[in-house]
Each structure stands twice: as structure tokens, then as C-alpha cells.
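# Residue-level structure breakdown
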Amino acid sequence: MIAFLTHPVVLLTVGGAVGTNARYWLAVYLAHWYGPLLAEPYTSLRGPLAIFVINVTGSLLLALLVVPLREHAPHWWILFGVGFCGGYTTFSSFALDTVELVRKHHQPGLAVLNIVASVIVSCVVVWLAVSSMERIHPPEPPVMEAEDPEMQKEP
């Protein structure tokens, strides 16, 4: 039974399903929470702002998980790093919302701002989180192999 529960297909399926639900319900909550605050002409930002928050928090979570889990706890990495974060982050939704800012809402400046802010903030968050996690979980020093004296002999 343990072998079944730790099989990568099961871990990916469960993690992806939970991550997808987390993304959906957080977007609903955020749209409900800050939606009324966005008056015309900014109502078109409801979707992109939710996707921005999800992508940044997903990037942060993925960065916090990569150092302690990817090499040291591969089953947990598959469940949370690949499954949950893969279902939670929304690059395809980000792309669609960005294109719609231009095509449907005629706001190319906001589309460019959405692209630049999403990429830069997510990268900064990942950089800071990985640096912090490497302080908590320092990388193991490389193993130096002893040189074989037989290999050093000249012909």
C-alpha cells in the first residue's frame, strides 16, 4: 500500500488536484475581496491581479521547497514541488490575461506592466527564498575523489 501511495503518478495527481483547487479558490477569494475596490477603468485588472498574486506566491513556495526537498526528500518534492506548485501556478492563465488586457480591454501598457512585474517580482522572490533556504539547509560540499596513482603514470 505504501508503494502505491508513494508512486509518482499518485503524488502528482494528489498534489496537482490540491494545487489547482488552491489556485481556483484563492482567485475567487481575491476577486471578491479586492474586486469592489477596482472601479472603472480598472475592473479589467481583477483577473491579472489574482494571477499575479498566485504566480508570486507559487514562485515563493516552489523556491522554499526546492532546497530541502528536491534532493533529500524526492517523494515530497514530487507531491509539493511538482504536483502542488504545478497545479497552483498559472502561467497559461497569466499569458491569456495579459493578451486579453490588450485585445479585449485595449490596455497595452497594463499588459506590459503585468509581464514585467510578474517576471521580475517572481524572480526576486525565488532568489531571496532560495538564498534563505540555502542558509538553513546548506548545500553539501562536493566530494573529492582520491586520485588513482596508477592513472598518473606516464607511458
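Residues numbered from 1 in each chain as written. Predicted model: local features only at pLDDT ≥ 70, side-chain atom pairs only at ≥ 80, totals over all residues. Heavy atoms only, no water.

### Notes on the overall build of the chain
When its secondary structure is counted, the chain shows 7 helices and 0 strands. The helix and strand sequence of the chain, counted from the amino end, reads α-α-α-α-α-α-α. Expressed as a percentage of its 155 residues, the buried residues of the chain come to 30%. Considering only contacts within the chain whose residues lie at least 6 apart along the sequence, 69% involve residues at least 24 apart. Accessible area of the chain: about 10600 Å², with a carbon and sulfur share of 71%. (Helix = DSSP H or I, 4+ residues; strand = E, 2+ residues; numbered from the N terminus. Buried < 20%, exposed > 50% of the residue type's maximum accessible area, 1.4 Å probe, protein only. Contact = heavy atoms within 4.5 Å. Areas by Shrake-Rupley, 256 points an atom, 1.4 Å probe, with all protein chains shown as cover.)

### As for unusual backbone geometry
Although it is not a glycine, H106 sits at a positive phi angle of roughly 55°. Structurally, the position occupied by H106 is in the loop between α5 (91–103) and α6 (108–136). By relative accessible area, which is 63% here, H106 ends up exposed.

### As for the packing of aromatic side chains
Throughout the structure, instances matching the rule amount to 4 aromatic pairs. Residues Y24 and W25 carry aromatic rings whose centres are separated by 4.7 Å and whose planes lie at 85° to one another, so their mutual orientation is edge-to-face. Consider the rings of F84 and Y88, whose centres lie 5.6 Å apart with planes at 15°: the pair is stacked. Placement of the pair is F84 and Y88 together in helix α4 (residues 74–88), with a separation of 4 residues, close to one helical turn. (Phe/Tyr/Trp six-rings, centres within 6.5 Å; stacked < 30°, edge-to-face > 60°.)

### Quick look at the environment of F52
If you trace the backbone, F52 turns up in helix α3 (residues 46–69). Between the C-alpha atoms of F52 and A27, which are 25 residues apart in sequence, the distance is 10.0 Å.

### Considerations on the packing of α5 against α6
Two elements in contact, α5 and α6, have axes whose closest approach is 7 Å; the angle formed by their N-to-C orientations is 155°. Classified by the angle their axes make, α5 and α6 are roughly antiparallel. Note that α5 runs across α6; the crossing there is left-handed. Touching F94, T98, L101 and V102 of α5 are P108, L110, A111, N114, I115 and S118, all from α6. For the contact of α5 with α6, the class distribution of residues is 7 nonpolar, 3 polar and no charged. (Axes fitted to C-alpha atoms, helices over the stretch in contact; angles between N-to-C directions. Parallel < 35°, antiparallel > 145°, perpendicular 65-115°, else oblique. Left-handed = near helix turned anticlockwise from the far one by under 90°. Nonpolar A, V, L, I, M, F, W, Y, C, P; charged D, E, K, R; others polar.)

### Describing the side chain of S122
Take S122: it is sitting in helix α6. Judged by its relative accessible area of 10%, S122 falls in the buried class.

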